[in-house]
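Architecture at a glance
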Amino acid sequence: MHQMTLAEIARGLADKKFSSEELTKVLLARITQLDPQLNSFISLTEELAIEQAKAADVRRANGESGALLGAPIAHKDLFCTQGIRTSCGSKMLDNFKAPYDATVVAKLAAAGAVTLGKTNMDEFAMGSANESSWYGAVKNPWNLEHVPGGSSGGSAAAVAARLLPAATATDTGGSIRQPAAFTNLTGLKPTYGRVSRWGMIAYASSLDQGGPLARAAEDCAILLQGMAGFDQNDSTSIDEPVPDYSASLNTSLQGLRIGVPKEYFSAGLDPRIAELIQNSIKELQKLGAVIKEISLPNMQHAIPAYYVIAPAEASSNLSRFDGVRFGHRCEHPKDLIDLYKRSRGEGFGPEVQRRIMVGAYALSAGYYDAYYLKAQKIRRLVKNDFMAAFNEVDIILGPTTPNPAWKLGAKNSDPVAAYLEDVYTITANLAGLPGLSMPAGFVDGLPVGVQLLAPYFQEGRLLNVAHQYQLNTDWHTRTPTGF
Ligand code: GLN
């Protein structure tokens, strides 16, 4: 039962082959049995899950339908869940029970999805390996000595290990696409503003976006359908109609213009990954796509710009966790300053503290113009590169990451080495564009992802291309041994 995709589950539930309650119990047992190896969950919500599953079965018996009605999922632990711990992977929020549901959580619950639990993540979504979580590192089911990627590493490891069919995640600089690539999943970061950020604990507000992580594009379409849409509680949410993502999956790729940026194939890219990307290009050509070389000349400036803007926004967003308004409070403070210092010093881990310091520095008087303003200008140049490219092509294709998943601990002493791994994903966040990663093969037994980028609000196009590719390849169907 656990091998079923979200689409297969939807069909099985509709045909009354099994109930949501039966399926939910199977998956909960599987999580209890296998997750100790992976550490992909921070909280399990067994009682809520059974209750939601029973309610979904009743709704279905009463004639309701819908692909998410009774479908088991989990939420990255930065989506607020009413009455349930919402930790953001941090000691700071270990005792925080959200007083309300995030819009994404509420929408999926209304569609009938069943919440199995809250997944592990890098602390405050800062990281690319899921090693900065206060709840411990998450292991990659493809090789337990390797990282699953981050920051949505818990969602990725759980779905990859078939503990559940799909999960929510968020992407500020790659945190949906990179763990998807590292664990052989399909993950979609929507256009900025497509999915509400209300109740999604902020890391860098102008970059953060929620989206689906699942095994195949078909499943991402189902989950995104339940997540997307205008929300008056989020002033950056965009009031655009939500198309039927499943309806466009079968559009032909005949004549699709795919741009391949020449800058993507530079020295930093593992040549074995480069070869797999070339294979995926050939596959798409067979399906009728036309390939064109393009250029994104400002790509080289994107990492420094991102690692100024994201920490700057984080330093402001995280100021509310001071032991007074929110978060961990130290014992016996001697005065207010001592309370702030020790609460924040005890509550935040080293990576979060590093970013708060970098961000506060970049925003401080005298440095603002030199760092933050300059980074914002680069951000515009990066966007302009994409706008120029999309005048010539429909989709941009390249690797999701320059290397496969690294060994646990390998980059712990060198944060910049980890930042450099984000080179292919962060440009989409800087520009606000949608991006998708899908399985493209293996290197040394570890999965590799190919990334597709599209113009604003063309999530449907990305899912369509990925689905057509997945109808003709079987990388995404491979299962890690032992799971
Ligand atoms: N690896 C990037 C960072 O550490 C992206 C994280 C994310 O997308 N949340 O900031």
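Look up a bit, the structure's there.
Our subject in this report is the structure included herewith. These numbers come from a predicted model, not from an experiment.

1. A short note on helix α15 (residues 459–472)
- In a regular helix each residue adds 1.5 Å, so 14 residues correspond to 20 Å; α15 covers 20 Å between its end C-alpha atoms and thus fits that length.
- In terms of burial, α15 is largely enclosed, as eleven of its 14 residues are buried.
- Of all the residues in α15, the buried ones are Glu459, Gly460, Leu462, Leu463, Asn464, Val465, Ala466, His467, Gln468, Tyr469 and Gln470.
- Each element contacted by the buried residues of α15 is listed here: β5 (186–189), α7 (217–227), α8 (271–286), β9 (395–399), β10 (435–443) and β11 (446–453).

2. Looking at the side chain of Thr172
- Within the element layout of this structure, Thr172 appears in the loop between β4 (166–170) and α6 (177–183).
- For Thr172, a relative accessible area of 3% corresponds to the buried category.
- There is a polar contact of 2.6 Å between the side chain of Thr172 and the side chain of Asp208.

3. Examining unusual backbone geometry
- With omega at 5 degrees, the peptide bond leading from Gly150 into Ser151 counts as cis.
- One can find Ser151 in the loop between β3 (114–119) and α5 (153–160).
- One non-glycine residue, Lys16, adopts positive backbone phi at about 60 degrees.
- Structurally, the position occupied by Lys16 is in the loop between α1 (6–14) and α2 (20–38).

4. Some words on the nonpolar core
- Ranked by size, the top nonpolar core spans 104 residues in total, and within it Phe124, Leu284, Phe386, Ile396 and Leu463 carry the most contacts.
- At nine residues, the largest contribution of residues to this core is made by helix α9 (residues 302–317).
- Phe386 has contacts with Leu296, Ile396, Thr427, Ala428, Ala431, Leu433 and Leu453, leaving out every residue within four places of it along the chain.
- Listed in part, the 33 residues of the second largest apolar core include Trp142, Val159, Leu185 and Leu213.

5. Here's the deal with the site of the ligand
- In the vicinity of the ligand lie 15 residues, with Ser128, Gly173, Ser175, Tyr203 and Tyr306 positioned nearest.
- Contacts to the ligand include Ser151, whose side-chain N or O atom sits 3.3 Å from a nitrogen atom.
- The contact in question runs from an oxygen atom of the ligand to an N or O atom on the side chain of Tyr306, over 2.7 Å.
- Surface burial for the ligand is 99%, taken as the share of its 300 Å² of free accessible area covered by protein chains.
- Within the shell around the ligand, the residues separate by chemical class into five nonpolar, seven polar and three charged.

6. Notes on the pattern of salt bridges
- Evaluation of the coordinates by the stated rule reveals 20 salt bridges.
- As a salt-bridge pair, Glu283 and Lys286 come within 3.5 Å of each other at their nearest N and O atoms. In this pair, Glu283 and Lys286 both sit in helix α8, three residues apart, roughly one turn of the helix.
- Residue Glu283 is classed as buried on the basis of its relative accessible area of 18%.
- On the basis of relative accessibility, which here comes to 66%, the residue Lys286 falls in the exposed class.
- A network of salt bridges, in which partner residues are shared, links Asp270, Arg272 and Asp444.

7. Describing the pairing of strand β8 (residues 290–294)
- Pairing of strand β7 (residues 257–261) with β8, which is carried by five bridges, proceeds in the parallel orientation. Among the inter-strand pairings, Ile258 is bridged to a residue of β8, identified as Ile291.
- Handedness of the crossover is the feature at issue here: the chain leaves β7, passes through α8, returns alongside β8, and the resulting connection is right-handed.

8. Concerning the packing of α1 against α7
- For the pair α1 and α7, the least separation of the axes is 8 Å and the interaxial angle reads 70 degrees. Here α1 lies roughly perpendicular to α7, going by the angle between them. Counted together, Leu6, Ala7 and Arg11 of α1 and Glu218, Asp219, Ile222 and Leu223 of α7 form the full contact between these two elements.
- By residue class, the composition of the contact of α1 with α7 is four nonpolar, no polar and three charged.

9. Here we look at the side chain of Thr168
- With respect to the secondary-structure elements, Thr168 resides in strand β4.
- Overall, Thr168 belongs to the buried group, its relative accessible area being 0%.
- Separated by 3.2 Å, the side chain of Thr168 and the backbone nitrogen of Lys76 make a polar contact.
- Residues contacting Thr168, with those up to four places away along its chain left out, are Ala74, His75, Lys76, Phe79, Val104, Leu108, Ser155, Gly211, Leu223 and Met227.

10. Here we look at the sheet that holds strand β2 (residues 72–76)
- Pairing is mixed in the open sheet, where eleven strands are placed in the order β1-β3-β2-β4-β6-β5-β10-β11-β9-β7-β8. What marks the edges here is a single partner per strand, and that holds for β1 (41–44) and β8. Strand-to-strand, the axes of this sheet are offset by a mean angle of 30 degrees, without reference to chain direction.
- Alignment of β5 against β10, held across three bridges, turns out to be antiparallel. By the bridge assignment, Leu188 is partnered in β10 with Leu436.

Cut-off values and rules
Residues numbered from 1 in each chain as written. Predicted model: local features only at pLDDT ≥ 70, side-chain atom pairs only at ≥ 80, totals over all residues. Heavy atoms only, no water. Helix = DSSP H or I, 4+ residues; strand = E, 2+ residues; numbered from the N terminus. Expected span 1.5 Å × (residues − 1). Buried < 20%, exposed > 50% of the residue type's maximum accessible area, 1.4 Å probe, protein only. Contact = heavy atoms within 4.5 Å. Polar contact = N/O pair within 3.5 Å; in protein donor to acceptor, adjacent residues only side chain to side chain. Core = buried A, V, L, I, M, F, W, Y, C linked by side-chain atoms within 4.5 Å. Near = heavy atom within 4 Å. Areas by Shrake-Rupley, 256 points an atom, 1.4 Å probe, with all protein chains shown as cover. Nonpolar A, V, L, I, M, F, W, Y, C, P; charged D, E, K, R; others polar. Salt bridge = Lys/Arg side-chain N within 4 Å of Asp/Glu carboxyl O. Pairing = 2+ DSSP bridges. Right-handed = clockwise from strand over helix to strand, strands pointing away. Axes fitted to C-alpha atoms, helices over the stretch in contact; angles between N-to-C directions. Parallel < 35°, antiparallel > 145°, perpendicular 65-115°, else oblique.

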